[in-house]
Amino acid sequence: MLVVLCHGFQGSSYDMYLIKRWIMRQIPDAYFLIAKSNEDNTEGDIRIMGKKVAEEIENYISNYM
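As the structure is a computational prediction, the values presented were derived from the model and not from experiment.

So, how was this worked out
Residues numbered from 1 in each chain as written. Predicted model: local features only at pLDDT ≥ 70, side-chain atom pairs only at ≥ 80, totals over all residues. Heavy atoms only, no water. Pairing = 2+ DSSP bridges. Helix = DSSP H or I, 4+ residues; strand = E, 2+ residues; numbered from the N terminus. Right-handed = clockwise from strand over helix to strand, strands pointing away. Core = buried A, V, L, I, M, F, W, Y, C linked by side-chain atoms within 4.5 Å. Buried < 20%, exposed > 50% of the residue type's maximum accessible area, 1.4 Å probe, protein only. Phe/Tyr/Trp six-rings, centres within 6.5 Å; stacked < 30°, edge-to-face > 60°.

**So, the pairing of strand β2 (residues 31-34)**
Item 1. Taken together, the four bridges between strand β1 (residues 2-5) and β2 define a ladder with parallel strand orientation. Looking at the pairing, Val4 lines up with Leu33 of β2.
Item 2. In this fold, the crossover linking β1 to β2 by way of helix α1 (residues 17-26) has right-handed handedness.

See the structure below:
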């Protein structure tokens, strides 16, 4: 199972680490990806940002799974 965590508006990947740790306790065998592709611009076009996250997920799956 792959769990993808993505920060929100004006957030960063660091916002997701506590959530990741909590989920790890519930699902210890899961793989985690904390999306970082939109950290530099959280106010961009939602379609472009969604595409960036999708590409990040595809890269993670092809490289690590």
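**With respect to the nonpolar core**
Item 1. Formed by Val3, Leu5, Met16, Ile23, Ala30, Phe32 and Ile34, the largest nonpolar core amounts to seven residues.
Item 2. At the level of secondary structure, the elements contributing two or more residues to this core comprise β1 and β2.

**Describing the packing of aromatic side chains**
Item 1. What the rule picks out here adds up to two aromatic pairs.
Item 2. Residues Tyr14 and Tyr17 carry aromatic rings whose centres are separated by 6.0 Å and whose planes lie at 40 degrees to one another, so their mutual orientation is tilted.
Item 3. A relative accessible area of 32% means that Tyr17 is categorised as partly exposed.
Item 4. Here Tyr60 and Tyr64 contribute two aromatic rings whose centre-to-centre distance is 5.0 Å and whose plane-to-plane angle is 45 degrees, an arrangement assigned as tilted. Remark: Tyr64 and Tyr60 occur in helix α2 (residues 46-64); sequence separation between them is four residues, near one turn of the helix.
Item 5. Judged by relative accessible area, Tyr60 falls into the buried class, the value being 15%.

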